[in-house]
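Each chain, written out:
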Amino acid sequence: LPLVESGGGLVQPGGSLRLSCTASGSTLDFYAIGWFRQAPGKGREGVACISASGVNTDFPPSVKGRFAASRDNAKNTVYLQMNSLKPEDTAVYYCAAARRSSSYCPRGIYEYDYWGQGTQVNVSS
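Residues numbered from 1 in each chain as written. Predicted model: local features only at pLDDT ≥ 70, side-chain atom pairs only at ≥ 80, totals over all residues. Heavy atoms only, no water.

Draft legend 1. Representation of the packing of aromatic side chains. Evaluation of the coordinates by the stated rule reveals four aromatic pairs. Taken together, a centroid distance of 5.3 Å and an interplanar angle of 80° make the contact between Phe 36 and Tyr 112 edge-to-face. Of this pair, Phe 36 sits in strand S4 (residues 32–38) while Tyr 112 sits in the loop between strand S9 (91–98) and strand S10 (114–115), and the two are 76 residues apart along the sequence. The burial state of Phe 36 is the same as that of Tyr 112; both residues are buried. Pairwise contacts between aromatic rings join Phe 36, Tyr 112 and Trp 115 into one cluster. A cation sits over an aromatic face here: Arg 99 above Tyr 31, 5.9 Å from the ring centre. (Phe/Tyr/Trp six-rings, centres within 6.5 Å; stacked < 30°, edge-to-face > 60°. Helix = DSSP H or I, 4+ residues; strand = E, 2+ residues; numbered from the N terminus. Buried < 20%, exposed > 50% of the residue type's maximum accessible area, 1.4 Å probe, protein only. Lys NZ or Arg CZ within 6 Å of the ring centre and 35° of its normal.)

Structural data, given as structure tokens:
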């Protein structure tokens, strides 16, 4: 499943970005999608997951209330909307896919089978 992220870039603190995750030639309909990030010198951490059905989402405390996940199956795309960005949100952001039951939202990094190459997000003034 070839995942591709896009939408990263440079944004000022307090700004917003929307990341996209898509799969060329394959449908994401049956996959839960997770968003992870990795800052320099740190491990990869989960920042969002959305179930295949889109009904269930989950976020860690560090981003809850600022990040939102959604999916548009017609466009075969999953989104991560990031608002009120902080310098500590600077990282490479990855999307990952896991084929699970439609309502399940995987939280662990090892639950995911497919990974994109990542997109850089820099939050700086």
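Draft legend 2. Region of the structure containing the pattern of salt bridges. On inspection of all chains with the given rule, the structure shows five salt bridges. The salt bridge partner of Glu 45 is Arg 37, with a shortest N-O separation of 2.7 Å. In this structure, Asp 89 engages Arg 66 in a salt bridge whose closest nitrogen and oxygen atoms are separated by 2.7 Å. Of this pair, Asp 89 sits in the loop between strand S8 (77–82) and S9 while Arg 66 sits in the loop between strand S6 (57–58) and strand S7 (67–72), and the two are 23 residues apart along the sequence. The class for Arg 66 is buried, based on a relative accessible area of 11%. (Salt bridge = Lys/Arg side-chain N within 4 Å of Asp/Glu carboxyl O.)

Draft legend 3. Just the side chain of Glu 5, in detail. Tracing the sequence through the fold places Glu 5 in strand S1 (residues 3–6). Buried and unpaired, Glu 5 has no salt bridge, with Arg 44 as the nearest side chain of opposite charge at 7.5 Å. A polar atom in the side chain of Glu 5 sits 2.9 Å from the backbone nitrogen of Cys 95. A distance of 2.8 Å separates the side chain of Glu 5 from the backbone nitrogen of Gly 118, its partner in a polar contact. Leave out the neighbours within four places in its chain, and Glu 5 touches Ser 20, Cys 21, Trp 35, Tyr 93, Tyr 94, Cys 95, Gly 116, Gln 117, Gly 118 and Thr 119. (Lys, Arg positive; Asp, Glu negative; His and termini not counted. Polar contact = N/O pair within 3.5 Å; in protein donor to acceptor, adjacent residues only side chain to side chain. Contact = heavy atoms within 4.5 Å.)

Draft legend 4. Just the state of the cysteines, in detail. Enumeration according to the criterion identifies two disulfides in this entry. Across a sulfur-sulfur distance of 2.1 Å, Cys 21 and Cys 95 are joined as a disulfide pair. Here the S-S torsion is close to 70°, and the disulfide linking Cys 21 with Cys 95 is therefore right-handed. Within this pair, whereas Cys 21 is found in strand S3 (residues 17–23), its partner Cys 95 is found in strand S9, the two being separated by 74 residues in sequence. A single burial state applies to Cys 21 and to Cys 95, both of which are buried. A sulfur-sulfur distance of 1.8 Å marks the disulfide that ties Cys 49 to Cys 105. (Disulfide = S-S within 2.5 Å.)

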